[in-house]
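Okay, here's what each chain looks like letter by letter:
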Amino acid sequence: MPRPTSFGRDTGLQIRMTLTLFLLGLVYAVLIGVLFAAGLNGVTILIIAAALFLFQFFASDRLALASMGAKEVTPQEAPQLHAMIERLCVQANLPKPRVAIANTPMPNAFAIGRSPRTATVCATTGIMDLLEPAELEGVMAHELTHVQNRDVMVMTIASFFATVASFIVQFGFFFGGGFVGGNSDDDDGPSMMVVILVSVAVYVISFVLLQALSRYREFAADRGSAIITGRPSALASALMRISGTMNRVPQRDLRAAEGQAALYIFPPKARQSLANLFSTHPPLEQRLAALQRLETQLQGTTAR
Amino acid sequence: MGLFDIISGRKKLARPAPDRLFALSTAYVTFETELSTTTRGVAGIVFQPLATADFEQIAADMVEVVQGTSADSGTTVETSDDDYGYRWMILRDADFDDLVVGVNAVSGALEAGGYGERILCAVFSFQDGRGRPLYWIYNYKRGSFYPFVPAGGAQQRDNEAELRLRAQVGSELPIEPELERWFPLWGIPI
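Bear in mind the structure is a predicted one, so any value in this text is a computation, not a measurement.

1. Looking at the overall build of chain A
Then comes step 1: Across its full length, chain A carries 11 helices and four strands.
Then comes step 2: Burial statistics for chain A: of 304 residues in total, 39% are counted as buried.
Then comes step 3: Long-range pairs, those at least 24 residues apart, make up 73% of the contacts in chain A with a sequence separation of at least 6.

2. Concerning the sheet that holds strand β1 (residues 70–72) of chain A
Residue and element names in this part refer to chain A.
Then comes step 1: Taken together, the four strands give an open sheet; going across it, the order is β1-β2-β4-β3, and neighbouring strands pair in mixed fashion. Both edges of this open sheet fall to β1 and β3 (109–112), since each of them pairs with a single strand only. Taking the axes of each pair of neighbouring strands and ignoring which way they run, one obtains an average angle of 25° across the sheet.
Then comes step 2: Strands β3 and β4 (120–124) of the sheet are contacted by helix α5 (residues 133–148), whose axis makes an angle of about 20° with β3.

3. So, the interface of chain A and chain B
Then comes step 1: The partner chain B presents 35 residues to the 37 residues of chain A that form the contact.
Then comes step 2: The set of elements that each furnish at least two residues to the side of chain A that touches chain B consists of α1 (11–37), α3 (79–92), α5, α8 (192–229) and α11 (284–299) of chain A.
Then comes step 3: With eight residues, α3(A) is the single largest residue contributor to the side of chain A that touches chain B.
Then comes step 4: A class-by-class count of the residues in the side of chain A that touches chain B yields 16 nonpolar, 14 polar and seven charged.

4. Some remarks on the nonpolar core
Then comes step 1: Counting residues in each nonpolar core, the largest one holds 119 residues, and the members touching the most others are A:Leu31, A:Met140, A:Leu144 and B:Ile137.
Then comes step 2: Those residues in contact with B:Ile137 that sit more than four places away from it in its chain are B:Cys121, B:Val123, B:Phe145, B:Tyr146, B:Phe148 and B:Leu185.

5. Here we look at the packing of α5(A) against helix α9 (residues 232–242) of chain A
Residue and element names in this part refer to chain A.
Then comes step 1: Where α5 contacts α9, the two axes come as close as 8 Å, and the packing angle between them is 95°. The angle between α5 and α9 places the two elements in the roughly perpendicular class. Each of Ala 134, Glu 135, Glu 137, Gly 138, Val 139 and His 142 in α5 lies in contact with α9, whose residues at this interface are Ala 234, Leu 235, Ser 237, Ala 238 and Arg 241.
Then comes step 2: Looking at side-chain class alone, the contact of α5 with α9 contains five nonpolar, three polar and three charged residues.

6. Let's talk about unusual backbone geometry
Then comes step 1: At A:Arg150, a residue that is not glycine, the phi angle is positive and equals roughly 55°.
Then comes step 2: With respect to the element layout, A:Arg150 can be found in the loop between α5 and α6 (151–158).
Then comes step 3: On the basis of neighbour count, A:Arg150 is assigned to the buried category, with 21 C-beta atoms found within 10 Å.
Then comes step 4: With phi around 45°, B:Ser36 is a residue other than glycine that occupies positive phi space.
Then comes step 5: As for its placement among the helices and strands, B:Ser36 is situated in the loop between α2 (23–34) and β1 (38–47).

7. Remarks on the confidence of the model for chain A
Then comes step 1: Put simply, chain A has an average pLDDT of 75, and 77% of its residues get 70 or more.
Then comes step 2: Across chain A, the element-wise mean pLDDT spans from 55 in helix α10 (residues 273–277) of chain A up to 91 in strand β2 (residues 98–102) of chain A.

8. Quick look at α6(A)
Residue and element names in this part refer to chain A.
Then comes step 1: Among the residues making up α6, those that are buried are Asp 151, Val 152 and Ala 158. Angular distribution of buried residues about the axis of α6 spans 145°; they occupy a single face of the element.
Then comes step 2: Residues of α6 that are buried sit in contact with α1, β3, α5 and α8.

9. Remarks on the sheet that holds strand β2 (residues 76–81) of chain B
Residues and elements named next belong to chain B.
Then comes step 1: Strand order in this open sheet of six strands is β2-β3-β1-β4-β5-β6, and the pairing throughout is antiparallel. Strands with a single pairing partner mark the edges of an open sheet, and in this sheet they are β2 and β6 (144–148). Each adjacent strand pair in this sheet contributes to an overall mean axis angle of 25°, direction not counted.

10. Describing the pairing of strand β5 (residues 133–139) of chain B
The two faces of a sheet get side chains in turn, since along a regular strand they alternate between them.
All names here are of chain B.
Then comes step 1: Here β5 lies mainly inside the structure; five of its seven residues are buried.
Then comes step 2: The turn linking strand β4 (residues 119–127) back onto β5 is made up of five residues, and Gly 131 within it adopts a positive phi angle of 80°.
Then comes step 3: Alignment of β5 against β6, held across five bridges, turns out to be antiparallel. Residue pairing for β6: Tyr 138 is matched across the bridge by Phe 145.
Then comes step 4: Linking β5 back to β6 in an antiparallel pair, the connection comprises four residues, with Gly 143 at a positive phi of about 65°.

11. Brief notes about α9(A)
Residue and element names in this part refer to chain A.
Then comes step 1: Counting buried residues in α9 gives eight out of 11 residues, a clear majority hidden from the surface.
Then comes step 2: Among all positions of α9, only Pro 232, Ala 234, Leu 235, Ala 236, Ser 237, Ala 238, Leu 239 and Ile 242 are buried.
Then comes step 3: Looking at the buried side of α9, the elements it contacts are α4 (125–130), α5, α8 and α11.

12. A word on the environment of B:Ser80
All names here are of chain B.
Then comes step 1: Looking at where Ser 80 falls in the secondary structure, it is placed in strand β2.
Then comes step 2: On the neighbour-count criterion, Ser 80 (12 C-beta atoms within 10 Å) is exposed.
Then comes step 3: Between the C-alpha atoms of Ser 80 and Gly 153, which are 73 residues apart in sequence, the distance is 24 Å.
Then comes step 4: When neighbours within four sequence positions are excluded, Ser 80 is seen to be in contact with Trp 88, Ile 90 and Pro 189.

13. Considerations on the packing of α9(A) against α11(A)
Residue and element names in this part refer to chain A.
Then comes step 1: Between α9 and α11, whose axes approach to 8 Å, the crossing angle comes to 160°. In terms of orientation, α9 and α11 fall into the roughly antiparallel class. Viewed along their axes, α9 and α11 form a crossing whose handedness is left-handed. Residues Pro 232, Ser 233, Leu 235, Ala 236 and Leu 239 of α9 lie in contact with α11, whose contacting residues are Leu 284, Arg 287, Leu 288, Leu 291, Gln 292, Leu 294, Glu 295 and Leu 298.
Then comes step 2: Grouping the constituent residues of the contact of α9 with α11 by class yields nine nonpolar, two polar and two charged.

Conventions used here
Per-chain numbering applies: the sequence of each chain, read as written, is numbered from 1 onward. Written order decides the labels, with chains lettered from A and ligands numbered from 1. Local features are withheld for residues below a pLDDT of 70 in this predicted model, meaning they are given only at 70 or higher, and side-chain atom pairs are given and counted only at 80 or more; totals for whole chains, interfaces and linings count all residues. The numbering of helices and of strands both runs from the N terminus, where a helix is a DSSP run of H or I of at least 4 residues and a strand a run of E of at least 2. Think of it as a crowd count around each C-beta: if 20 or more other C-beta atoms lie within 10 Å the residue is buried, if 12 or fewer it is exposed, and in between it is partly exposed, with C-beta placed from the backbone throughout. Contacts are defined on C-beta atoms placed from the backbone: any two residues whose C-beta positions lie within 7 Å are in contact. Strands qualify as paired when DSSP identifies two bridges or more between them. For every element, the axis is a line fit to its C-alpha atoms; helices are fit only across the contacting stretch, and the angle between N-to-C directions ranges from 0 to 180 degrees. Here the nonpolar group is Ala, Val, Leu, Ile, Met, Phe, Trp, Tyr, Cys and Pro; Asp, Glu, Lys and Arg are the charged ones; every other residue, Gly included, is treated as polar. By convention in this section, buried Ala, Val, Leu, Ile, Met, Phe, Trp, Tyr and Cys residues joined through C-beta atoms within 7 Å make up a nonpolar core. Should an angle lie under 35 degrees it is considered roughly parallel, over 145 roughly antiparallel, and from 65 to 115 roughly perpendicular; all remaining angles are considered oblique. Each residue carries a pLDDT value, the predictor's own confidence for that position, ranging from 0 to 100. Along the arc lie the directions from the helix axis toward the C-beta atoms. Two helices cross in a left-handed way if the nearer one is turned anticlockwise from the farther one by less than a right angle. They cross in a right-handed way if the turn is clockwise.

Set out below in structure tokens:
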């Protein structure tokens, strides 16, 4: 029976991501409404924030690369990495991004750039030493999926009004005192105090939502990596190695483990659901579980 | 990728576009008569082997399919894995049309087995009038061809020769329009 693709659909992830974006839009709409109701001051703040945002949007690439100490490399300098990325690009139907290497022992990789044409993928020397080729391939495919999904752009735009809100929270009292303080009684819009309070609420809510969005996009990138390479388990193995938990899979012979140690089971950790709300990356367990599901789909052991 | 795909972070691989492959058969006439470029009687199709239970069986079936379709033409098939973890199915036949048919049979078999999106590209090996090797690579995702001329030395390619080839065969083949997608393949085993 021919299968249309090797992997099933990820409807659940799609729904959660769309819902998160919808809620973000809702929160932002409230903020915009309040800003306009506040009149001239609100609009001024919006314009200043937009200018800052544009600067960030166009300058962040080079800043990020420089802050990591990453250096672009030519195919002659890193032939293996370039050849690996070229093949992944053919498979993912992407133009080839620039390739950079950061000289640090910390195992990491990242992608920057607003669009596939201006993107740069970067690996540290640490990750290139640590991982097997197939694992590194999984990691680079994960970064290429970020490029293809335009995650930098999506996250930057999605966080624009959160930036505006934090801007108001930080400088709002100054604006409130300087501009509206004297004539607030003949102003029929909401006072600056209301704007600030709404901004605080918007900032807090959008922060949680943005972190959730970021986690969903990580899941999507893991999934994309599995689809590009066809090897979900290689990425899972890479994640375990990077997080230093490769020792989950014991290397020691069971018989060599002495006495009680073999019978010892780690106490199940209490789920840190509150901490989960504030992290940009999903917990390793969940990522591994998602990759495991993909591998199961690929192996066709569940109903197709 | 559409806007919705970007927003929802959805990922799909392009399906292979086999229909344009046969343009190479037609273009080969020009290769031979006008460019004195001839086949070296060998072509390869590159794909990612998956570690699934049915994949090895499908791969084994493919060899039979190719040998079946070419019972009277005498195409031989061998497989090899390269340094990057990709598998090459290498076809040898002195007749160029049979090579194209054989490559198409392999991609058809992979597609029928549900692994069509694992195909990376097909590589056809030629030599020019002075016996120098050159390759035409068919990118299945894009449905387009591009030339690849390795120059002497480690990972050097002869861009001038490649651009000249594009100009020479221009209208005969669907050529990849974006030069940054003329991905090299190093260590081609054919």
